[in-house]
Amino acid sequence: GARGYVVDHINDAFVAVNRTLAAGDEAWWYTDEITAGGQAFPAGAFYLEADRDLIQQLADEKGLNFVGVRDRPSGNAMQLEPVKIALWDQYGGSMPSGWTRMILEDFEFDFEVLYAPDLDHADLSEYDVLLFEDGAIPAAGGSGGGRGGRGGIAPTDIPAEFARRQGSVTVGTTVPRILDYVREGGAAIAIGSSASLAQHAGLPVTNHLVENGQPLTREQYFTPGSILDMKVDHTSPLTHGFGDRVNVLFSHSPTFSLTAGAEAQGVRRIGWYDTASPLKSGWSWGEQYLENGVGAIEADYGQGKMFIFGPKITFRAQPHGTFGFLFNGIYYGAAKDKIISD
């Protein structure tokens, strides 16, 4: 009989990984192409040593195709361990955070919701990954808080259990704690406007949407919620499960240029707009300015990693084609210091 099972890298495979680890069994993630049971699997496949009944349940419930094997396939792989995620939210609710909470619940990731006071005072080392949705991190060069005030509610009208959630991520207190956490080996994922974390960290990136050193005006360039075509560079587990191109949800999204020597500093472009006409659906005024702009970045930062996504890869839990960036970032960020073994 089979000792373990191999499954291809698709979104629902992460449910299989999460259930396997939650049951105390083993999961491995391949960084090479492998062959198992006479089938070829591209980089990113998973090997699970799990109970047959669990595998059968996953196959029935999720339609996953597992290949049973007697031995773990040869090839470079990371052994995965249970991951604890901290998902930012704000008092009164962040819509992007709420939708991402639903994604994490649907795909059975273990997470806690943290508010600004938690980020300011909690022991962040308890978490493998910090996840910052659109609206979490204030702009670089700003004077302080992001969104997330009290919404006009008098403090005396707020129950104590909720009052402790008030406040905003600040440049002075919260951001340095986040950067320290990553330097010491943590992983941070920043999406949409929270991509400003790259500038706070001093990464070698600049705003791509400029001309003669000045930010483009709305008359020159304007791209609200639209679908753009992005080139994917397969240099990292962050891109497992992706083809050479992917459609991304773009809405006034930060778009970067990497400065000279960025790669030598451990900062790599993972996805970028490689044409002067990336628009697939919606509308974009001045779309030619996006050419060569970078939308997805992987950065080594101290002992940890940052994954920066300008496009809204989780937008309202709709773009399943880009959930892989989030899921890959979670396990790759958590597993970065594990031995990759053959």
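Shown above is the structure to which this text applies.
Given the structure is predicted, the values throughout are model-derived calculations rather than measurements. Residue positions within a chain follow its written sequence, with the count starting from 1. The model is predicted, so local features are restricted to residues of pLDDT at least 70 and side-chain atom pairs to those at 80 or more, both for listing and for counting; the totals for chains, interfaces and linings are taken over all residues. Here the side-chain values reflect all heavy atoms present in the structure, with hydrogen atoms and water set aside.

*Asks:* Help me out: how do you make sense of the packing of aromatic side chains in this one?
*Replies:* For any pair of aromatic rings, the description consists of the separation of the ring centres together with the inter-plane angle of the planes. Only rings of Phe, Tyr and Trp enter the pairing, Trp through its six-membered ring, and a pair is recorded when the two centres are within 6.5 Å. The plane angle decides the type: under 30 degrees is stacked, over 60 is edge-to-face, the rest tilted. Applying the stated criterion across every chain yields a total of 16 aromatic pairs. For the ring pair F107 and F323, a centre distance of 6.1 Å and an interplane angle of 85 degrees mean the geometry is edge-to-face. A residue pair is termed long-range when its members are at least 10 positions apart, and F107 in the loop between α3 (95–106) and β9 (110–114) and F323 in helix α8 (residues 323–335) qualify at 216 residues. Take F107 and F323: they sit in the same class, and that class is buried. Seen in terms of ring centroids, F222 and W283 are 5.4 Å apart; in terms of plane orientation they differ by 40 degrees. Their pairing is tilted. A residue pair is termed long-range when its members are at least 10 positions apart, and F222 in the loop between β14 (214–215) and β15 (226–232) and W283 in the loop between β19 (279–281) and β20 (294–301) qualify at 61 residues. A helix here means a DSSP run of H or I that spans at least four residues, while a strand means a run of E at least two residues long, and both kinds are numbered starting from the N terminus. Residue exposure (1.4 Å probe, protein chains only): buried if accessible area is under 20% of the type maximum, exposed if over 50%, otherwise partly exposed.

*Asks:* It is not clear to me how the environment of S125 should be interpreted in this structure. Could you clarify?
*Replies:* On the secondary structure map, S125 appears in the loop between α4 (116–121) and β10 (129–132). S125 sits in the exposed class, given a relative accessible area of 57%. C-alpha separation for the pair S125 and E184, spaced 59 residues apart in sequence, amounts to 8.6 Å. Definition of a polar contact: a pair of N or O atoms within 3.5 Å, with one able to donate and the other able to accept a hydrogen when the atoms are protein atoms, and with sequence-neighbouring residues admitted only if both atoms are side-chain atoms. A polar contact is formed between the side chain of S125 and the side chain of D123, at a distance of 2.6 Å.

*Asks:* What is the right way to read the pattern of salt bridges from this model?
*Replies:* Should the charged atoms of two oppositely charged side chains come close, the side chains can pair. Salt bridge, as applied in this entry: a Lys or Arg side-chain nitrogen positioned within 4 Å of an Asp or Glu carboxyl oxygen. Overall, the coordinates contain 15 salt bridges when judged by the stated rule. Of the charged contacts, one joins D118 and R164 as a salt bridge, the two residues approaching to 2.5 Å between their closest N and O atoms. Of this pair, D118 sits in helix α4 while R164 sits in the loop between α5 (160–163) and α6 (174–183), placing them 46 residues apart in sequence. Looking at R164, the relative accessible area reads 42%, which means it is partly exposed. Between D274 and R245 there is a salt bridge; the shortest N-O distance is 2.5 Å. On the criterion of sequence distance, the pair formed by D274 in the loop between β18 (267–272) and β19 and R245 in strand β16 (residues 245–250) is long-range, its members being 29 residues apart. The exposure class assigned to D274 is partly exposed, which follows from its relative accessible area of 27%. Judged by its relative accessible area of 36%, R245 is partly exposed. One salt-bridge network, in which partners are shared between bridges, spans R268, E298, D300 and K305.

*Asks:* Is there a simple way to explain the side chain of D229 in this structure?
*Replies:* With respect to the element layout, D229 can be found in strand β15. Given a relative accessible area of 14%, D229 falls into the buried group. Within the local environment of D229, its side chain forms a polar contact with the side chain of R245, the two groups lying 2.8 Å apart. Residues in contact with D229, not counting those within four places in the same chain, are R245, V246, N247, Y273, P278 and K280. Residue contacts are counted whenever heavy atoms from the two residues lie within 4.5 Å of one another.

*Asks:* Please explain the packing of α3 against α8 as it appears in this structure.
*Replies:* Packed helices, taken two at a time, are described by their axes: the angle between them and the distance between them. It is at 12 Å that the axes of α3 and α8 come closest, and there the two elements cross at 70 degrees. What the angle tells us is that α3 and α8 run roughly perpendicular. By crossing handedness, the relation of α3 to α8 is classed as right-handed. Residues T100, I103 and L104 of α3 pack against F323, L326, F327 and I330 of α8. Looking at the contact of α3 with α8 residue by residue, the classes come out as 6 nonpolar, 1 polar and no charged. Only the stretch in contact is used when fitting a helix axis, every axis being a line fitted to C-alpha atoms; angles between N-to-C directions are given from 0 to 180 degrees. Put simply, angles under 35 degrees are roughly parallel, angles over 145 are roughly antiparallel, angles from 65 to 115 are roughly perpendicular, and the rest are oblique. Less than a right angle of anticlockwise turn of the near helix away from the far helix marks a crossing as left-handed, whereas a clockwise turn marks it as right-handed. As a working rule, the residues Ala, Val, Leu, Ile, Met, Phe, Trp, Tyr, Cys and Pro are called nonpolar, Asp, Glu, Lys and Arg charged, and the rest polar, with Gly in that last group.

*Asks:* Please explain the environment of V294 as it appears in this structure.
*Replies:* Locating V294 in the fold gives a position in strand β20. Considering only alpha carbons, one finds V294 and T235, 59 residues apart in sequence, at a separation of 15 Å. Apart from the residues lying within four places of it in its own chain, the contact partners of V294 are T255, F256, L258, R269, G271 and W272.

*Asks:* Hey, could you run me through helix α2 (residues 52–62) in this one?
*Replies:* Residue pairs three or four apart in sequence face the same way in an α-helix, which turns once every 3.6 residues. When α2 is considered as a whole, its buried residues turn out to be L54, I55 and L58. Angular distribution of buried residues about the axis of α2 spans 100 degrees; they occupy a single face of the element. Opposite its buried face, α2 presents the exposed residues R52, D53 and D60, each directed more than 90 degrees away. Residues of α2 that are buried in the fold lie against β1 (4–7), α1 (13–22), β5 (46–49) and β6 (66–69). Taking the backbone nitrogen of D53 as reference, a side-chain oxygen 2.9 Å away marks D51 as the first, capping residue of α2. Phi for G63, located one or two positions after α2, is positive at around 70 degrees. To be clear, the arc concerns the directions from the helix axis to the C-beta atoms.

*Asks:* Just checking my understanding: could you explain the packing of α1 against α2 for this structure?
*Replies:* At a minimum axis distance of 11 Å, the contact between α1 and α2 shows a crossing angle of 150 degrees. In terms of orientation, α1 lies roughly antiparallel with respect to α2. Seen from above, α1 lies across α2 with right-handed handedness. Side by side, α1 and α2 meet where V15, A16, R19 and T20 of the first sit next to L54, Q57, L58, E61 and K62 of the second. The residue inventory of the contact of α1 with α2, partitioned by class, reads 4 nonpolar, 2 polar and 3 charged.

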